[in-house]
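Understanding the architecture of this molecule
Now for the letters of each chain:
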Amino acid sequence: MLGTMTPLETTTTPRKYNGTSSIYLPTVATITNAYTETAMEKVFTVRLPGGENLNHNPGQFVMVSIPGVGEAPISVMSSPSRTGETFDLCIRKAGDLTGVLHDLVPGDQIGIRGPFGRGFPLEVFKGKDILVAPGGLGMAPARSLIDEILDNRDQYGRLIVLYGARNPAEILFRDTLREWRGRDDIDLLVTVDHPDESWVGHIGVITRLFPRVQINPFNTVGITIGPPIMYRFVIIEMLGKGLNPTQIWMSFERRMKCGVGKCGHCQVNHRYSCQDGPAWTYAEALAFEEAL
Amino acid sequence: MTLYILPKEQLPVFVDKLKADFRVVGPVKTETGFAFDDIKQAEQLKLDYPTTILPPKKYFLPQREVLFNYHTSINEKGARQIDTEPVFQDVQPTIIFGVHTCDMTGISLYDKVFLEGFKDEHYLARREQILIIGIECLKPCDDASFCKDMGTLTAPPVYDLHMTEVESRYLIDTGSEKGEELLQKYGEVKLATTDDIRDLSRTLSAKWPRFRHRLKMSRDQLPSLLTINYGAITWDHLGERCLACGSCTNVCPTCFCFDVQDELDINMQDGQRTRLWDSCQLHEFALVAGGHNFRESKASRIRHRFMRKGKYIHQVHDILGCTGCGRCERACLVNITIPGTLNALHDEMQLDANPAAG
Ligand SMILES: Cc1cc2nc3c(=O)[nH]c(=O)nc-3n(C[C@H](O)[C@H](O)[C@H](O)COP(=O)(O)OP(=O)(O)OC[C@H]3O[C@@H](n4cnc5c(N)ncnc54)[C@H](O)[C@@H]3O)c2cc1C
Ligand code: SF4
Ligand code: SF4
């Protein structure tokens, strides 16, 4: 037994250990495409070595890093149905890391760990009407779910998307929204808090859209992704539509440093949002004193 | 598993022999108290120490630890390139001498946190090379400890060897095969006789009355006490006093939360990704982009710390997150204490607790 211990080494300086890898070591991936979406958001297409499939679920995230700058959790924007050799991330410039990421161009390498966490359970959603209510940047992870449903359209019931942005300039994926509006198998309503002269759509916070849709509460799941201030009110609307807390899914934003349930930052009560979340049912969230 | 005896005067010989093949660390006297440090001379090892300022957690989770080295560069096409190489720091055969039973409880929690779910290879690499030699506490460290309340007065099964001082000898229990082998190879030991074992039981039963209870409730009641008291006014009172300095979490043998930071060398190309001890008592701990802070007030942060100690960690790992070592009480400049707080919650709710239960 003692023989399996490596011989005495007096130095305490870092060294390699038996060629083992580390859960904290990112895979080096390459950006293959990058484009500006709005003044604050850019979309990046990322390729893992050998074009390996990310194998994620809608709602899961990856840890994106630039050595020397840092690492942050970013939701996967592309749906599993559209993920082959590459996947997409939509990144808002919010600080140090995301600021440097915005300067990257195709050919540049970044670090990727993951996918991590519990995404949305597609097997539960199948056969049901889906009401998705993203706010702001929440549209990026919502895209993963919506595109997945559109690509497997016959497996789901109605698809209703209620999207709120602060102002017209912050609306994400305008071309895609236009395309969705042209389809008869998706009901899309978009609103902005602060319109400008060009805006002819709905005005007001996202909750104002709810009276405009009819749903069958017995066969619908509601999904909301956005900042806490927004999902609190959206949940009230969903409850008002007759959904019960187990039919409502949400995604928590929490600070995360490890992504693997160790560092403590994303803790909500006794659970780790990076492991048991970031997707939670409202029923689960209600059981947490801390969550809402 | 098996009980052996080592005459006290044989201890330095045992230590010296171990030092030939292992890094040996243990409690030594310093200017400010006792601390775990490398044992350079066998006589430095003080097994009858009261407590150390820091627990032995630094050997399991260094305060600053390199996770990997990186090299960034620009290739001939002008694209950013990344090279990485994992680093496993402080991995060497190490014997930690003289670990108190409360601190062993902390180590058993770390083992669960870092080895269950995703395996933390950095922790594992070090852990595999560490042997723990515990020491039975025969009297309380000082007035700040409340190990009896927390049920940490007996050793949890993480030790390789566990020593109890009985008159002129140590009785040593082996907790693992490695421990057994260590004794056979390096120690001048004999199997304990029935007389030795009788003396040991006498020593152990004599120790209990020396420890006192400080909690007005039993530890089994802590999860429910904290659940009921989530909205207690006590948290606001503590929030007004707390300095949010993080000393309490730094010295705690069960705190393990960390931050991850990149350090960049002066050439702006090479560096290390490191993890560093972090504290949920600091303002930035739960802050996210857009400025939203999930625990903005000091009251909510100190409550979180207590919730973890007495409830959350227990829910996940089936061990309470406090060992009763008393270090946070000794470290806190404004005298915020675990027993004082739990008793205040108890009084606030006038919970029907049985103060005599332990
Ligand atoms: C599950 C999850 C999914 C996410 N998905 C996306 C996404 O798809 N696109 C996107 O643009 N952003 C996403 N974010 C938010 C993104 O992680 C933060 O914007 C990012 O961490 C900011 O890092 P930075 O280094 O640029 O900013 P920093 O310079 O670190 O800080 C800027 C601000 O962000 C705060 N912050 C630091 N770390 C985090 C963190 N991990 N999460 C939130 N705030 C933090 C800081 O306290 C500060 O207020 C997601 C976050 C989570 C938890
Ligand atoms: S909370 Fe305080 S008394 Fe409890 S284990 Fe941590 S430092 Fe010791
Ligand atoms: S040591 Fe005391 S003052 Fe400092 S954060 Fe802990 S409780 Fe607050």
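Note that the coordinates shown come from a computational prediction; the quantities given were computed from them, not determined experimentally.

1. Focus: the overall build of chain B
Helix and strand content of chain B: 12 helices and 12 strands. By the burial criterion, 58% of the 358 residues in chain B qualify as buried. Once local pairs closer than 6 in sequence are excluded, the contacts in chain B between residues at least 24 apart make up 74%. For chain B, the computed accessible surface area is about 14,700 Å², with 52% contributed by carbon and sulfur atoms. Both charge centroids of chain B, one from 43 positive and one from 50 negative side chains, sit 4 Å from each other.

2. Here we look at the packing of helix H1 (residues 11-21) of chain B against helix H5 (residues 177-186) of chain B
All names here are of chain B. Following both chains from N to C, one finds H1 and H5 inclined at 110°, their axes separated by 10 Å at the closest point. When the axes of H1 and H5 are compared, the pair comes out roughly perpendicular. Side by side, H1 and H5 meet where Phe14, Lys17, Leu18 and Asp21 of the first sit next to Leu182, Leu183 and Tyr186 of the second. Along the lines of polarity and charge, the residues of the contact of H1 with H5 split into five nonpolar, no polar and two charged.

3. Re the sheet that holds strand S2 (residues 41-47) of chain A
Residue and element names in this part refer to chain A. What the six strands build is an open sheet, ordered S4-S3-S6-S1-S2-S5; its pairing is antiparallel. In this open sheet, the two edge strands, each paired with only one partner strand, are strand S4 (70-75) and strand S5 (86-92). Along the sheet, successive strands turn relative to each other by an average axial angle of 40°, direction set aside. Relative to S2, strand S1 (residues 27-36) is paired through six bridges, and the arrangement is antiparallel. Along S2, the bridge assignment pairs Ile31 with Val46.

4. Regarding the packing of aromatic side chains
Residue and element names in this part refer to chain B. Evaluation of the coordinates by the stated rule reveals 15 aromatic pairs over all chains. For the pair Tyr110 and Phe114, a centre-to-centre distance of 6.3 Å together with 85° between the ring planes defines the contact as edge-to-face. Pair noted here: Tyr110 and Phe114 are both in helix H2 (residues 101-115), with a separation of four residues, about one helical turn. Per residue, the accessibility class of Tyr110 equals that of Phe114, and both read buried. On the numbers, 6.3 Å between centres and 90° between planes, the contact of Tyr110 with Phe256 is edge-to-face.

5. Let's talk about the site of ligand 2
As a structural note, the neighbourhood of ligand 2 is formed by Phe146(B), Cys252(B), Pro253(B), Lys309(B), Cys322(B), Thr323(B), Gly324(B), Cys325(B), Gly326(B), Arg327(B), Cys328(B) and Ile338(B). Here the residues of the shell around ligand 2 sort into seven nonpolar, three polar and two charged.

6. Here we look at the site of ligand 3
Residue and element names in this part refer to chain B. Lining the immediate environment of ligand 3, one finds 13 residues, of which Cys242, Leu243, Cys245, Cys248 and Cys332 sit closest. Breaking the shell around ligand 3 down by element, the ones donating at least two residues are helix H9 (247-250) and helix H10 (298-317). Class assignment of the residues belonging to the shell around ligand 3 gives a composition of nine nonpolar, three polar and one charged.

7. Focus: the layout of surface pockets
In this structure, the second largest pocket occupies an estimated 290 Å³ of space. Along the walls of the second largest pocket sit 20 residues, with Gly261(A), Tyr272(A), Gln275(A), Val316(B) and His317(B) positioned nearest its centre. Looking at the lining of the second largest pocket, the element that brings in the most residues is H10(B), giving five residues. For the lining of the second largest pocket, the class distribution of residues is eight nonpolar, six polar and six charged.

8. With respect to the confidence of the model for chain A
Mean pLDDT for chain A: 90, with 92% of residues reaching 70 or above. Throughout residues 6-18 of chain A the model reports pLDDT below 50, and contacts reaching past four residues in sequence, or to other chains, amount to 31 contacts.

9. Things to note about the environment of Pro134(A)
Secondary-structure assignment places Pro134(A) in strand S7 (residues 129-134). Apart from the residues lying within four places of it in its own chain, the contact partners of Pro134(A) are Met139(A), Ala142(A), Val161(A), Leu162(A), Tyr163(A), Gly164(A), Ile206(A), Ile225(A) and Met230(A).

10. Overview of the pattern of salt bridges
For the structure on display, the rule yields 35 salt bridges over all chains. A salt bridge links Arg158(A) to Asp187(A), with the shortest nitrogen-to-oxygen separation between them at 3.2 Å. Here Arg158(A), found in the loop between helix H3 (139-151) and strand S8 (159-165), pairs with Asp187(A), found in strand S9 (residues 187-192); they are 29 residues apart in sequence, far enough to count as distant. Close ionic contact of Arg202(B) with Asp199(B) constitutes a salt bridge, the shortest N to O distance being 3.5 Å. Taken as a pair, Arg202(B) and Asp199(B) lie in helix H6 (residues 194-207) at a separation of three residues, close to a single helical turn. Since its relative accessible area comes to 12%, Asp199(B) is described here as buried. One network of salt bridges, in which partners are shared, links Glu167(B), Arg169(B), Asp195(B), Asp196(B), Arg198(B), Asp199(B) and Arg202(B).

11. Some points on the domain arrangement of chain A
Residue and element names in this part refer to chain A. Domains assigned within chain A are domain 1 (27-116) and domain 2 (122-285). A straight line from the C-alpha centre of domain 1 to that of domain 2 covers 21 Å. Taken together, the 25 residues of domain 1 in the interface contact 25 residues of domain 2. Taken over both partners, the interface formed by domain 1 and domain 2 buries close to 2,000 Å², and the fraction arising from carbon and sulfur atoms is 58%. Joining domain 1 to domain 2, the criterion identifies two salt bridges. In this structure, the salt-bridge partner of Arg82 is Asp151, at a minimum N-O distance of 2.8 Å. For the pair domain 1 and domain 2, the interface holds seven residue pairs in polar contact (both at pLDDT 80 or more). Counting only elements with at least two residues in the side of domain 1 that touches domain 2, the list comes to S2, strand S3 (61-66), S4, S5 and strand S6 (109-116). Looking at which element gives the most residues to the side of domain 1 that touches domain 2, the answer is S4, with three residues.

12. Description of helix H12 (residues 338-349) of chain B
Residue and element names in this part refer to chain B. Relative to the 16 Å expected for 12 residues at 1.5 Å per residue, H12 spans 17 Å between its end C-alpha atoms, a close match to the ideal helical length. Inspection of H12 places Ile338, Pro339, Thr341, Leu342, Asn343, Leu345 and His346 among the buried residues, and these make up the whole buried set. Buried residues in H12 make contact with helix H7 (222-228), helix H8 (233-241), H10 and helix H11 (327-331). Its side-chain oxygen at 2.8 Å from the backbone nitrogen of Gly340, Thr337 defines the N-terminal cap of H12.

13. Notes on the confidence of the model for chain B
On average, chain B scores 92 in pLDDT, and the residues at 70 or more come to 97%. We note a pTM of 0.89 for the whole complex and an ipTM of 0.86 for its interfaces.

14. Regarding the interface of chain A and chain B
A common way to express how large an interface is: the accessible area buried when the components associate. Of the residues lining the interface, 57 residues belong to chain A; the matching set on chain B comes to 69 residues. Carbon and sulfur atoms supply 59% of the area that chain A and chain B bury against each other, a total of about 5,600 Å² over both sides. Where chain A meets chain B, there are two salt bridges. Ionic pairing is found between Arg273(B) and Glu71(A), a salt bridge with its closest N-O pair at 3.7 Å. Across the contact surface, chain A and chain B share 25 residue pairs in polar contact (both at pLDDT 80 or more). Elements represented by at least two residues in the side of chain A that touches chain B include exactly S3, S4, S6 and helix H5 (228-240) of chain A. Among the elements that make up the side of chain A that touches chain B, the one with the highest residue count is S6(A) (four residues). Partitioning the side of chain A that touches chain B into residue classes produces 25 nonpolar, 19 polar and 13 charged.

Conventions used here
Residues numbered from 1 in each chain as written. Chains lettered and ligands numbered in written order. Predicted model: local features only at pLDDT ≥ 70, side-chain atom pairs only at ≥ 80, totals over all residues. Heavy atoms only, no water. Helix = DSSP H or I, 4+ residues; strand = E, 2+ residues; numbered from the N terminus. Buried < 20%, exposed > 50% of the residue type's maximum accessible area, 1.4 Å probe, protein only. Contact = heavy atoms within 4.5 Å. Areas by Shrake-Rupley, 256 points an atom, 1.4 Å probe, with all protein chains shown as cover. Lys, Arg positive; Asp, Glu negative; His and termini not counted. Charge placed at Lys NZ, Arg CZ, Asp CG, Glu CD. Axes fitted to C-alpha atoms, helices over the stretch in contact; angles between N-to-C directions. Parallel < 35°, antiparallel > 145°, perpendicular 65-115°, else oblique. Nonpolar A, V, L, I, M, F, W, Y, C, P; charged D, E, K, R; others polar. Pairing = 2+ DSSP bridges. Phe/Tyr/Trp six-rings, centres within 6.5 Å; stacked < 30°, edge-to-face > 60°. Near = heavy atom within 4 Å. 1 Å grid on protein atoms, 1.4 Å probe; cavity = no way out; pocket = protein on both sides within 12 Å on 5 of 7 lines; lining within 4 Å. Points joined across faces, edges and corners; volume = space filled by probe spheres on them. pLDDT = per-residue confidence, 0-100. Salt bridge = Lys/Arg side-chain N within 4 Å of Asp/Glu carboxyl O. Domains from an automatic or database assignment. Buried area = accessible area lost by both parts, 1.4 Å probe. Polar contact = N/O pair within 3.5 Å; in protein donor to acceptor, adjacent residues only side chain to side chain. Expected span 1.5 Å × (residues − 1).

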